[in-house]
Amino acid sequence: DQQVKQNSPSLSVQEGRISILNCDYTNSMFDYFLWYKKYPAEGPTFLISISSIKDKNEDGRFTVFLNKSAKHLSLHIVPSQPGDSAVYFCAASAGQLTFGSGTQLTVLP
Amino acid sequence: EAGVVQSPRYKIIEKKQPVAFWCNPISGHNTLYWYLQNLGQGPELLIRYENEEAVDDSQLPKDRFSAERLKGVDSTLKIQPAELGDSAVYLCASSSPSLGQAFFGQGTRLTVV
């Protein structure tokens, strides 16, 4: 039973446009949500997070939105750059991290 | 500041052989995690340590997997004997109570042939 789901295994976006990555969760005990970015042959690196008491957190080109009623969060990247091409993992915490299966983002030049 | 260090980066072994992975967490991080990542999947927790105590090992296949974190710093994860299905990337991560996120090492890619 997957508690954190990323239903899109891949996403392609043109450079300069917005990338929107989505994530759904089922466990209402999750109170902290994170996005990680992973390049090939490297470990995941932390990108941005949001607490359940907020509905938006912004850091430069990256914004995470949380909709608790829908148990949904999304990561917006604008403008997208070719260097953003990577696998993005959504993770949720109720004490320890549970990861989604990832979305491969490809930003086309 | 050095990140989480794992070794080896790659390991190829024959089935039924033993294998061990080593992890050195970020200095001062009390919490250490071992994750398993299969191709096309997200990391799945195997075991979590708070200092030297394993506080969650419910997902660790204890018939063949073992882990230790002596002195609450470095950790080793062992598989004995390895099976073909153990081929995956083994990730180590660490965090401290003041942090919400975990920091990951580069991982060890294990191939069992």
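Predicted, not measured: the structure shown is a model, and the values here were computed from it.

**Digging into the environment of B:Pro61**
Residue and element names in this part refer to chain B. Positionally, Pro 61 belongs in the loop between strand E6 (53-56) and strand E7 (65-68). With relative accessibility at 31%, the residue Pro 61 sits in the partly exposed group. The spacing of Pro 61 and Ile 79 is 18 residues in sequence and 9.4 Å in space, taken between C-alpha atoms.

**Some words on the sheet that holds strand E3 (residues 19-25) of chain A**
Residue and element names in this part refer to chain A. Here we have five strands laid out as an open sheet, ordered E1-E3-E8-E7-E6, and antiparallel in their pairing. At either end of the open sheet lies a strand with only one pairing partner, and these are strand E1 (4-5) and strand E6 (56-59). The sheet contact formed by E6 and strand E7 (residues 62-67) spans four bridges and is antiparallel. By the bridge assignment, Asn 57 is partnered in E7 with Val 64.

**Description of the interface of chain B and chain A**
With 18 residues of chain B at the interface, the matching set in chain A holds 15 residues. For chain B, the biggest contributors to the area lost against chain A are B:Pro43, B:Gln101 and B:Phe104; these three give 30% of the whole. One can count zero salt bridges joining chain B with chain A. On inspection of chain B and its partner chain A, the count reaches four residue pairs in polar contact (both at pLDDT 80 or more). For the side of chain B that touches chain A, the secondary structure elements donating two or more residues are strand E4 (31-37) and strand E5 (44-50) of chain B. Classifying every residue of the side of chain B that touches chain A gives seven nonpolar, eight polar and three charged.

**As for the sheet that holds E7(B)**
All names here are of chain B. Strand order across the open sheet formed by four strands is E1-E3-E8-E7, with antiparallel pairing between neighbours. With one partner strand each, in any of the chains shown, strand E1 (5-7) and E7 form the two edges of the open sheet. Across the sheet, the mean angle from the axis of one strand to that of its neighbour is 15 degrees, orientation sign disregarded. Across four bridges, E7 lies against strand E8 (residues 75-79) in antiparallel orientation. Bridging from a neighbouring strand, Ser 66 pairs with Lys 78 of E8.

**Notes on the state of the cysteines**
Here a disulfide denotes one covalent bond, and it connects the sulfur atoms of two cysteines. The final tally for this structure, using the stated rule, is two disulfides over all chains. Linked covalently through their sulfurs, A:Cys23 and A:Cys90 form a disulfide whose S-S length is 2.0 Å. Linking A:Cys23 and A:Cys90, the disulfide has an S-S dihedral of approximately -70 degrees and is accordingly described as left-handed. Here the residue A:Cys23 occupies a position in strand E3, and A:Cys90 occupies one in strand E9 (residues 86-93), the gap between them amounting to 67 residues. Just as A:Cys23 is buried, A:Cys90 falls in that class too. With a sulfur-sulfur separation of 1.9 Å, B:Cys23 is cross-linked through a disulfide to B:Cys92. As the torsion about the S-S bond is roughly -70 degrees, the B:Cys23-B:Cys92 disulfide counts as left-handed. Within this pair, whereas B:Cys23 is found in strand E3 (residues 19-24), its partner B:Cys92 is found in strand E9 (residues 88-95), the two being separated by 69 residues in sequence.

Definitions and cut-offs
Residues numbered from 1 in each chain as written. Chains lettered and ligands numbered in written order. Predicted model: local features only at pLDDT ≥ 70, side-chain atom pairs only at ≥ 80, totals over all residues. Heavy atoms only, no water. Helix = DSSP H or I, 4+ residues; strand = E, 2+ residues; numbered from the N terminus. Buried < 20%, exposed > 50% of the residue type's maximum accessible area, 1.4 Å probe, protein only. Pairing = 2+ DSSP bridges. Contact = heavy atoms within 4.5 Å. Buried area = accessible area lost by both parts, 1.4 Å probe. Salt bridge = Lys/Arg side-chain N within 4 Å of Asp/Glu carboxyl O. Polar contact = N/O pair within 3.5 Å; in protein donor to acceptor, adjacent residues only side chain to side chain. Nonpolar A, V, L, I, M, F, W, Y, C, P; charged D, E, K, R; others polar. Axes fitted to C-alpha atoms, helices over the stretch in contact; angles between N-to-C directions. Disulfide = S-S within 2.5 Å.

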